[in-house]
Amino acid sequence: MTDREILELLLKEITDMKTDMSDIKTEISDMKTEIFDIKTEISDMKTEISDMKTEMSDMKTEMSDMKTEMSDMKKDINGIKRKIMVSTAELKAMDSMILDEVERVHEILDKHKADTRVHSA
């Protein structure tokens, strides 16, 4: 092998190595771009997860508030039921008193009608 052939062979090897290096640089650049894109997506996902956590926390608070309101409403309803029961009992007692009074007045009227001395014709 002559010096020229050796030099040509070396030149070809160096040229091939430069091509390989250029290809590797391109691949590394592509990988950097992909990694950057992945980092951006992960950051976006973290933001979305954080937003979802906040929304869930807000929903838990709202549910807790609703439970409290429902509990208060149940207490109010039970109070109203008690008042209705008391009012009903009072009305029944009043009905009984009114009927007793009506009976008493009827008895007085019946006695009055039966007493002919008080009637003059």
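Our subject is the structure listed above.
Residue numbering note: each chain is counted from 1, following its sequence as written. The predicted nature of this model means local features are confined to residues of pLDDT at least 70 and side-chain atom pairs, given and counted, to a pLDDT of 80 or more, with totals for whole chains, interfaces and linings taken over all residues. Derived side-chain values reflect all non-hydrogen atoms in the structure, with water molecules and hydrogen atoms excluded from consideration.

**Q** Describe the overall build of the protein chain, and please don't skip the residues or the numbers.
**A** Helix and strand assignments follow DSSP, with helices taken as H or I runs no shorter than four residues and strands as E runs no shorter than two, numbered in order from the N terminus. When its secondary structure is counted, the protein chain shows one helix and zero strands. Here the globule rule is a power law, 2.2 Å times the number of residues to the power 0.38, and the radius of gyration is based on C-alpha atoms. For a compact globule of 121 residues, the expected C-alpha radius of gyration is about 14 Å, and the protein chain comes in at 51 Å, more than 25% above that figure. Dimensions of the protein chain, computed from C-alpha atoms along their principal axes, come out at roughly 170 × 25 × 15 Å. Sorting the 121 residues of the protein chain into buried and exposed places 1% on the buried side. We get accessible surface area from the Shrake-Rupley algorithm with a probe of 1.4 Å; when it comes to residues, only the shown protein chains can shield them. Roughly 11,800 Å² of accessible area belongs to the protein chain as shown, and the carbon and sulfur atoms make up 62% of that amount. Only four residue types enter the charge count: Lys and Arg as positive, Asp and Glu as negative, with His and the chain ends excluded. A charge is said to be at NZ when it belongs to Lys, at CZ for Arg, at CG for Asp and at CD for Glu. When the 20 basic and 30 acidic side-chain charges of the protein chain are each reduced to a single mean position, those positions are 11 Å apart. The buried label goes to any residue with under 20% of its type's maximum accessible area, the exposed label to any with over 50%, and the partly exposed label to all in between, with areas taken from a 1.4 Å probe on protein chains only.

**Q** Kindly report on the pattern of salt bridges, identifying the contributing residues and their values.
**A** If charged atoms from side chains of opposite charge come close, those side chains can pair. We define a salt bridge as a contact between a side-chain nitrogen of Lys or Arg and a carboxyl oxygen of Asp or Glu at a distance within 4 Å. By the definition in use, this model includes three salt bridges. Residue Glu 8 is joined to Arg 4 by a salt bridge in which the shortest nitrogen-to-oxygen separation is 3.6 Å. Of the two residues, Glu 8 and Arg 4 are both situated in helix 1 (residues 3-114); the distance of four residues between them amounts to about one turn of the helix. Overall, the relative accessible area of 62% leaves Arg 4 in the exposed class. Between Arg 104 and Glu 101 there is a salt bridge, with the nearest N and O atoms lying 2.6 Å from each other. With Arg 104 and Glu 101 both in helix 1 and three residues apart, this pair spans about one turn of that helix. Looking at Arg 104, the relative accessible area reads 43%, which means it is partly exposed.

**Q** Tell me about the environment of Met 94, residues and numbers included.
**A** By the secondary structure assignment, Met 94 is in helix 1. Along the primary structure Met 94 and His 112 are separated by 18 residues, whereas in three dimensions their C-alpha atoms are 27 Å apart.

**Q** Report on a nonpolar patch on the surface, specifying residues and quantitative values.
**A** Nonpolar side chains collect at one region of the surface, where Met 1, Ile 6, Leu 7, Leu 9, Leu 10 and Ile 14 lie side by side and expose about 610 Å² of accessible area between them. Within the fold, Ile 14 resides in helix 1. You can call Ile 14 partly exposed: its relative accessible area is 44%. Nonpolar side chains (Val, Leu, Ile, Met, Phe, Trp, Tyr) are joined into patches within 5 Å and like charges within 9 Å, using only residues with over 30% relative accessible area and no salt bridge.

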